[in-house]
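# Topology and contacts: notes
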Amino acid sequence: MGQYLDDLWNDLEQTWDLAMKVNDLSESDRNNPNKAWEDYFKGDALVDIGRTETELGSEATVNRVFCKNIYGIQYNNETKYWVPFRHGEVDAVKFSED
């Protein structure tokens, strides 16, 4: 694989690792998005606190946490787990440059 793809993969793995830290908690801690935000996500170096709080706007519950890379973590109400999502662009041209 090229360096660009390796970097994307590493960023995704870091984001999954962060999600798993919270998903491995007790159900009551995992299922309380605001508690997860305050106690676990907000203090992590990978998390973009400013963007997360800006995107929150007037919502009362933190359901999406933005990371400093192109990924973030969102709370899935159906499964009651935190899962990664992509909020940044992937540059398809860079795949062929490596």
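Residues numbered from 1 in each chain as written. Predicted model: local features only at pLDDT ≥ 70, side-chain atom pairs only at ≥ 80, totals over all residues. Heavy atoms only, no water.

### Comments concerning the overall build of the protein
Assigned secondary structure in the protein consists of 5 helices and 3 strands. Counted from the first residue to the last, the protein has its helices and strands arranged as α-α-α-α-β-β-β-α. The principal-axis extents of the C-alpha atoms in the protein amount to approximately 45 × 30 × 25 Å. Looking at the 98 residues of the protein, the share that counts as buried comes to 32%. In the protein, the proportion of contacts linking residues at least 24 apart, taken out of those at least 6 apart, comes to 44%. Carbon and sulfur atoms make up 47% of the accessible area of the protein, which amounts to about 6,000 Å² in all. Averaging the positions of the 10 positive and the 20 negative side-chain charges in the protein gives two centres separated by 5 Å. (Helix = DSSP H or I, 4+ residues; strand = E, 2+ residues; numbered from the N terminus. Buried < 20%, exposed > 50% of the residue type's maximum accessible area, 1.4 Å probe, protein only. Contact = heavy atoms within 4.5 Å. Areas by Shrake-Rupley, 256 points an atom, 1.4 Å probe, with all protein chains shown as cover. Lys, Arg positive; Asp, Glu negative; His and termini not counted. Charge placed at Lys NZ, Arg CZ, Asp CG, Glu CD.)

### Some points on the packing of aromatic side chains
Here the structure, examined in full by the defined rule, presents 3 aromatic pairs. With centroids separated by 5.5 Å and ring planes inclined at 90°, the aromatic side chains of Phe66 and Phe85 adopt a geometry described as edge-to-face. Pair noted here: Phe66 is in strand E1 (residues 64-66) and Phe85 is in strand E3 (residues 81-86), with a separation of 19 residues, a long-range link. With a relative accessible area of 9%, Phe85 lands in the buried category. (Phe/Tyr/Trp six-rings, centres within 6.5 Å; stacked < 30°, edge-to-face > 60°.)

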